[in-house]
Amino acid sequence: MSLQDELTAAQRCLDDLVKSVGRLEKQVGHGLEIRRVRTDADHLRESLALLREAAPGTPAARPDLVTIPDTPYDTSLWTDADDEGLGSTRARGRRAP
């Protein structure tokens, strides 16, 4: 079996475990013991997700690229904007330190 097949099988088993814990919780109530089991199952889910991300051969999620045009920005966008760090000398009654 390939690594991806093993990870998928583990995920299916873990999903079944979470469903079983949910059914048990309905039968035994919301006591400390069932909360511990649910927390452990949630930790296993998180760990398996991390393992899946770190597994070799898993395609890494690539962020969408955003194209930034080379044309200049409209200067009206900067009306009443302060200069970075010092503040604008054009601002009403304000001066840079």
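Just so you know, these numbers come straight off a predicted model, no measurement behind them.

J.: Requested: an account of the overall build of the protein chain, with residues and values cited.
T.: Helix and strand counts for the protein chain come out as 2 helices and 0 strands. Per-residue burial for the protein chain yields a buried fraction of 12% across its 97 residues. Counted over contacts in the protein chain with a minimum sequence separation of 6, partners at least 24 positions apart contribute 54%. As presented, the protein chain carries roughly 8,800 Å² of accessible surface, and 56% of it is formed by carbon and sulfur atoms.

J.: Got a sec to walk through helix α1 (residues 3–28)? Specific residues and values, please.
T.: A rise of 1.5 Å per residue sets the reference length of α1, with its 26 residues, at 38 Å; its end C-alpha atoms lie 37 Å apart and thus fit the reference within 8%. Listed in full, the buried residues belonging to α1 are Leu 7, Leu 14, Val 18, Val 21, Gly 22 and Glu 25. Close packing links the buried residues of α1 with α2 (32–54).

J.: Can you break down α2 residue by residue, with the values?
T.: Look at α2: 33 Å from first C-alpha to last across 23 residues, which is about the 33 Å you get at 1.5 Å a residue. For α2, the elements touching its buried residues are α1.

J.: Give a description of the pattern of salt bridges that names residues and reports values.
T.: Going through the model one piece at a time under the given rule, you end up with 2 salt bridges. The shortest N-O distance in the salt bridge between Asp 15 and Arg 45 comes to 3.1 Å. Separated by 30 residues along the polypeptide, Asp 15 in helix α1 and Arg 45 in helix α2 bring together distant segments of the chain. We classify Asp 15 as partly exposed; its relative accessible area is 25%. Of the charged contacts in the structure, one is a salt bridge between Glu 25 and Arg 38, with a shortest N-O distance of 2.7 Å. With a gap of 13 residues between them, Glu 25 in helix α1 and Arg 38 in helix α2 connect regions that are remote in the sequence.

J.: Give a description of the side chain of Glu 25 that names residues and reports values.
T.: For Glu 25, a relative accessible area of 16% puts it in the buried group. Ignoring any residue separated from it by four or fewer positions in sequence, one finds Glu 25 in contact with His 30, Ile 34 and Arg 38.

J.: Explain a nonpolar patch on the surface to me, and be specific about the residues and the numbers.
T.: A contiguous nonpolar patch, built from Val 66, Ile 68, Tyr 73, Leu 77 and Trp 78 and spanning about 630 Å² of accessible area, is present on the exposed surface. For Val 66, the location among the structural elements is in the segment after α2.

J.: Let's hear about the environment of Val 21: which residues, and what values?
T.: Secondary-structure assignment places Val 21 in helix α1. Non-local contacts of Val 21, meaning those with residues more than four positions away in its chain, are made with Ile 34, Val 37 and Arg 38.

J.: Explain the packing of α1 against α2 to me, using residue names and the numbers behind them.
T.: Two quantities define a packed helix pair, namely the angle between the axes and the distance from one axis to the other. One can describe the packing of α1 onto α2 by two numbers: an axis separation of 10 Å at closest approach and a directional angle of 165 degrees. By the angle class used here, α1 and α2 are roughly antiparallel. Between α1 and α2 the crossing geometry is left-handed. Of the residues in the contact of α1 with α2, the class split is 14 nonpolar, 4 polar and 5 charged.

What counts and how
- Residues numbered from 1 in each chain as written.
- Predicted model: local features only at pLDDT ≥ 70, side-chain atom pairs only at ≥ 80, totals over all residues.
- Heavy atoms only, no water.
- Helix = DSSP H or I, 4+ residues; strand = E, 2+ residues; numbered from the N terminus.
- Buried < 20%, exposed > 50% of the residue type's maximum accessible area, 1.4 Å probe, protein only.
- Contact = heavy atoms within 4.5 Å.
- Areas by Shrake-Rupley, 256 points an atom, 1.4 Å probe, with all protein chains shown as cover.
- Expected span 1.5 Å × (residues − 1).
- Salt bridge = Lys/Arg side-chain N within 4 Å of Asp/Glu carboxyl O.
- Patch = residues over 30% accessible without salt bridge, like charges linked within 9 Å, V, L, I, M, F, W, Y side chains within 5 Å.
- Axes fitted to C-alpha atoms, helices over the stretch in contact; angles between N-to-C directions.
- Parallel < 35°, antiparallel > 145°, perpendicular 65-115°, else oblique.
- Left-handed = near helix turned anticlockwise from the far one by under 90°.
- Nonpolar A, V, L, I, M, F, W, Y, C, P; charged D, E, K, R; others polar.

Read these as layout, nothing more, since geometry by itself doesn't imply function.
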